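Tertiary structure, described
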Amino acid sequence: MAHTDTVRDRLRPLREPMGPRAGQAVAALMLAVSPVCIELSGADAGTASVYRCLLALPALVLLVLPEYRREGPPPRRQLAYGLAGGVLFAGDMLLWTKAIGEVGAGLSTVLVNVQVVLVPLLAWAVDRERVPGRFLLWLPVLVAGVVLTGGLFEKGASGSDPAAGTLHAILAALSYSGFLFLLRRGGFHGHIRTTYTAVVFSATVASALGGWAWGALDIAPPAGTLAWLALAALTSGIIGWLMVAVYSPRLPSHVGAVLLLLTPVGALALGALVLGERPSPAQWAGAALILVSAYATVTGRRGAPSPEEDAPRDA
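Figured I'd write up the structure that's included with this text. (Residues numbered from 1 in each chain as written. Predicted model: local features only at pLDDT ≥ 70, side-chain atom pairs only at ≥ 80, totals over all residues. Heavy atoms only, no water.)

Considering the side chain of Thr235
Tracing the chain through its elements places Thr235 in helix α13 (residues 223-247). Of the polar contacts made by the side chain of Thr235, one reaches the backbone oxygen of Ala232; its length is 3.3 Å. Residues within four places of Thr235 in sequence aside, it is in contact with Met30, Leu31, Val33, Ser34 and Gly240. (Helix = DSSP H or I, 4+ residues; strand = E, 2+ residues; numbered from the N terminus. Polar contact = N/O pair within 3.5 Å; in protein donor to acceptor, adjacent residues only side chain to side chain. Contact = heavy atoms within 4.5 Å.)

Listed below in C-alpha cells is the structure:
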C-alpha cells in the first residue's frame, strides 16, 4: 500500500536504543512521575498545565534544530495535527483536573482512561486499522483493571458536583483520545520533534487561555512550585510525551493505548512510595489486572508485524 511505503521510508532514518514496545512502556512510566510532581507543587489546574508545557519548550527547541536543518519544515497538514493535538492536550489537562474536585479522583481517572477503547476505534474509523481479536478478548479485563485501580467502588461519585464532574471527565477522555490519535498520526511522516514541539507550544497557549478563563492561573508561582513543575516538564514534556511521539506511530494503535495504561499503575505505586498514599487491596488488584492483560495483549502470539513496527528494523 502507498501509505505503508510512506511510513517505511519516512521512519527508516530513525534509530533508537530500544524497540517501539519497550520505548512506549518506558514513556508511560516516565509519565507516571508527573502527577506526583504536580501534587507536590500544590499548583492549580491552569498553572500546572501551563508551566509543565512552558518549561519544556526551551529544551524542545534545542532538540528540534538538528531535525529542522536535516528535514526542513513539516508539511502544513502535519503541523496542523500538532497544533490541534496541543489544544486537545490542554483540554484534557484542564478538564481532568477540574473533574477530580467535582466527581472524585476515582471516577475521573476511570473515564479518562477509556482512551484504551477510543484510540483504536479512531484508528479503525479513520485509518481503517484492524483491531485484532486478542485485544477485544482482553478488553473487559483491562477495563475492569482501570475501574479497580481508580478506586471507584471505594469512593463512588464523591465530589462537589458529580454531574458536572462526569461531563468534564468525559470531555477530558475525548480530548485525551483525540490528542493521542493526532500525536501518533503526526509522526507517520518524519518531522517528529518539530511536530511534537508544535503540540507543546499549542498546549501552552491553550492552557493559559483556559486557566485564565476558569480563574485558575497563577502567572508568578512560588519557586518551590516552579521546581516541582520543572521536574514534571522534564519527565513528561521533554522525555515522556516525546518518546510517545516517536514510538506510537510504529505501533498498532491498540498496543500503544494498552501500554499507556502503565501510567496510572506507575502513578499508583509512586503515590504510595512518595506521597505516603495507601491504595486499597482492590486498587492493587486492578493494577495487577492491567499488567497481566497488557502483557497478554502486547506480547501474545502475533502474525506478521505491522509496517510501522517493522520499518525501523529494515534500515
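Quick notes on helix α16 (residues 281-299)
Taking 1.5 Å of rise per residue, 19 residues should cover 27 Å, and α16 covers 27 Å from first to last C-alpha, within 8% of that figure. All of the buried residues in α16 are Gln283, Gly286, Ala287, Ile290, Ser293, Ala294, Ala296, Thr297 and Val298. (Expected span 1.5 Å × (residues − 1). Buried < 20%, exposed > 50% of the residue type's maximum accessible area, 1.4 Å probe, protein only.)

Points about the environment of Leu142
You can see Leu142 is positioned in helix α9 (residues 133-149). Residue Leu142 is classed as buried on the basis of its relative accessible area of 0%. For the pair Leu142 and Ile290, spaced 148 residues apart in sequence, the C-alpha separation works out to 5.3 Å. Contact partners of Leu142, with chain neighbours within four places excluded, come to Val116, Phe135, Val258, Leu261, Ile290, Ser293, Ala294 and Thr297.

So, the packing of aromatic side chains
Across all of its chains, the model carries four aromatic pairs by this definition. Aromatic side chains Tyr176 and Trp241 sit 6.2 Å apart centroid to centroid with 80 degrees between the ring planes, which places their arrangement in the edge-to-face category. Of this pair, Tyr176 sits in helix α11 (residues 162-185) while Trp241 sits in helix α13, and the two are 65 residues apart along the sequence. The residues Tyr176 and Trp241 share a single accessibility class, namely buried. Through a chain of ring-to-ring contacts, the aromatic side chains of Phe89, Tyr176, Phe179 and Trp241 assemble into a single cluster. (Phe/Tyr/Trp six-rings, centres within 6.5 Å; stacked < 30°, edge-to-face > 60°.)

Thoughts on helix α5 (residues 57-71)
Under the 1.5 Å per step criterion, the end-to-end length of α5 is 20 Å for 15 residues, consistent within 8% with the ideal 21 Å. Within α5, the axis deviates most sharply at Val64, by approximately 30 degrees, and proline Pro66 lies no more than four positions further along. Every buried residue belonging to α5 is among Leu57, Leu60, Val64 and Glu67, and all of these are buried. Those residues of α5 that are buried are in contact with α4 (45-54), α12 (192-213) and α13. Positive backbone phi, approximately 80 degrees, marks Gly72, located one or two places after α5. (Bend = angle between axes of the 7 residues up to and from the residue.)

Examining the nonpolar core
As a rule of thumb, nonpolar side chains are buried together in soluble globular proteins. Counting 55 residues, the largest nonpolar core has Val116, Phe179, Leu183, Tyr196 and Trp241 as the members making the most contacts within it. In terms of residue count, the dominant contributor to this core is α13 (nine residues). Discounting chain neighbours no more than four positions away, the residues touching Phe179 are Gly85, Leu88, Phe89, Val199 and Trp241. Counting eight residues, the second largest nonpolar core, distinct from the first, contains Ile38, Tyr51, Leu229 and Ala232. (Core = buried A, V, L, I, M, F, W, Y, C linked by side-chain atoms within 4.5 Å.)

Here we look at the packing of helix α15 (residues 262-274) against α16
The geometry of α15 relative to α16 is characterised by a closest axis approach of 10 Å and an angle of 145 degrees between their N-to-C directions. Viewed along their axes, α15 and α16 form a crossing whose handedness is left-handed. Across the interface between the two elements, Leu262, Val265, Leu268, Ala269 and Ala272 of α15 pack against Gln283, Trp284, Ala287, Ile290 and Leu291 of α16. (Axes fitted to C-alpha atoms, helices over the stretch in contact; angles between N-to-C directions. Left-handed = near helix turned anticlockwise from the far one by under 90°.)

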